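Chain by chain, the residues run as shown.
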Amino acid sequence: MINALLMLAALGIGFGGSPWPAFAICGTLVVALGIPRQRESLRRYAGQPKTDIVLGMLFEVCAALAGAFASAWIGYGLRLLLTHLPAR
């Protein structure tokens, strides 16, 4: 739920004309808000090989960052599209 709200925020900030700050802010929040859950997962599997768990976490974070990037730039593109459409 938090990631979806952050993607919406990135879209809104990107629509406001600032896609890079939107990605920077929302991407940082995606990473920071996921840390407690990741620490708990690592604690749960203490004493076992963690390579698969860490790779899964890395994939999840990278996918969330790609989503923040795409949301910010889609918002900006939507703004450009709507401002450059001819009025009829």
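Data block above holds the structure.
What counts as what
Residues numbered from 1 in each chain as written. Predicted model: local features only at pLDDT ≥ 70, side-chain atom pairs only at ≥ 80, totals over all residues. Heavy atoms only, no water. Helix = DSSP H or I, 4+ residues; strand = E, 2+ residues; numbered from the N terminus. Rg over C-alpha atoms; globule rule 2.2 N^0.38 Å. Buried < 20%, exposed > 50% of the residue type's maximum accessible area, 1.4 Å probe, protein only. Axes fitted to C-alpha atoms, helices over the stretch in contact; angles between N-to-C directions. Left-handed = near helix turned anticlockwise from the far one by under 90°. Contact = heavy atoms within 4.5 Å. Nonpolar A, V, L, I, M, F, W, Y, C, P; charged D, E, K, R; others polar. Expected span 1.5 Å × (residues − 1). Patch = residues over 30% accessible without salt bridge, like charges linked within 9 Å, V, L, I, M, F, W, Y side chains within 5 Å. Areas by Shrake-Rupley, 256 points an atom, 1.4 Å probe, with all protein chains shown as cover. Salt bridge = Lys/Arg side-chain N within 4 Å of Asp/Glu carboxyl O. Phe/Tyr/Trp six-rings, centres within 6.5 Å; stacked < 30°, edge-to-face > 60°.

1. A look at the overall build of the protein
In terms of helices and strands, the protein carries three helices and zero strands. Going residue by residue from the N terminus, the α and β elements of the protein occur as α-α-α. In summary, the protein has a C-alpha radius of gyration of 17 Å against a globular reference of 12 Å for 88 residues, an excess of more than 25%. If one aligns the C-alpha atoms of the protein with their principal axes, the spans along those axes are about 65 × 20 × 15 Å. Each of the 88 residues in the protein was classed as buried or not, and the buried ones make up 23%.

2. What about the packing of helix α1 (residues 2-15) against helix α3 (residues 51-84)?
Running from amino to carboxyl end, α1 crosses α3 at an angle of 35°, the nearest separation of the two axes being 7 Å. Of the two elements, α1 crosses α3, and the hand of that crossing is right-handed. Packed against α1, whose contacting residues are N3, M7, A10, L11, G14 and F15, the element α3 presents A64, G67, A68, S71, A72, I74, G75, Y76, L78, R79 and L82 at the interface. Split into classes, the residues belonging to the contact of α1 with α3 amount to 11 nonpolar, five polar and one charged.

3. Some thoughts on α3
Between the first and last C-alpha of α3 there are 49 Å, a value that for 34 residues agrees with the 50 Å anticipated at 1.5 Å per step. Taken together, the buried positions of α3 are occupied by I53, M57, V61, A64, A68, S71, A72 and G75. On its buried face, α3 sits against α1 and α2 (19-44).

4. Some thoughts on a nonpolar patch on the surface
Residues I2, L5, I13, I25, L29 and L33 make up a contiguous nonpolar surface patch of roughly 510 Å² in combined accessible area. Here I25 is to be found in helix α2. The exposure class of I25 is partly exposed, given its relative accessible area of 47%.

5. Details of the packing of aromatic side chains
The tally for this structure, following the rule as stated, stands at six aromatic pairs. Ring geometry for W20 against W73: centres 5.4 Å apart, planes inclined by 80°, an arrangement best described as edge-to-face. Of the two residues, W20 sits in helix α2 while W73 sits in helix α3, which places them 53 residues apart along the sequence. For W73, a relative accessible area of 31% corresponds to the partly exposed category. Where F69 meets W73, the ring centres are 6.4 Å apart and the plane angle is 50°; that geometry is what we call tilted. Placement of the pair is F69 and W73 together in helix α3, with a separation of four residues, close to one helical turn. F69 sits in the partly exposed class, given a relative accessible area of 35%. Three or more aromatic residues joined by ring pairs form one cluster here, namely W20, F23, F69, W73 and Y76.

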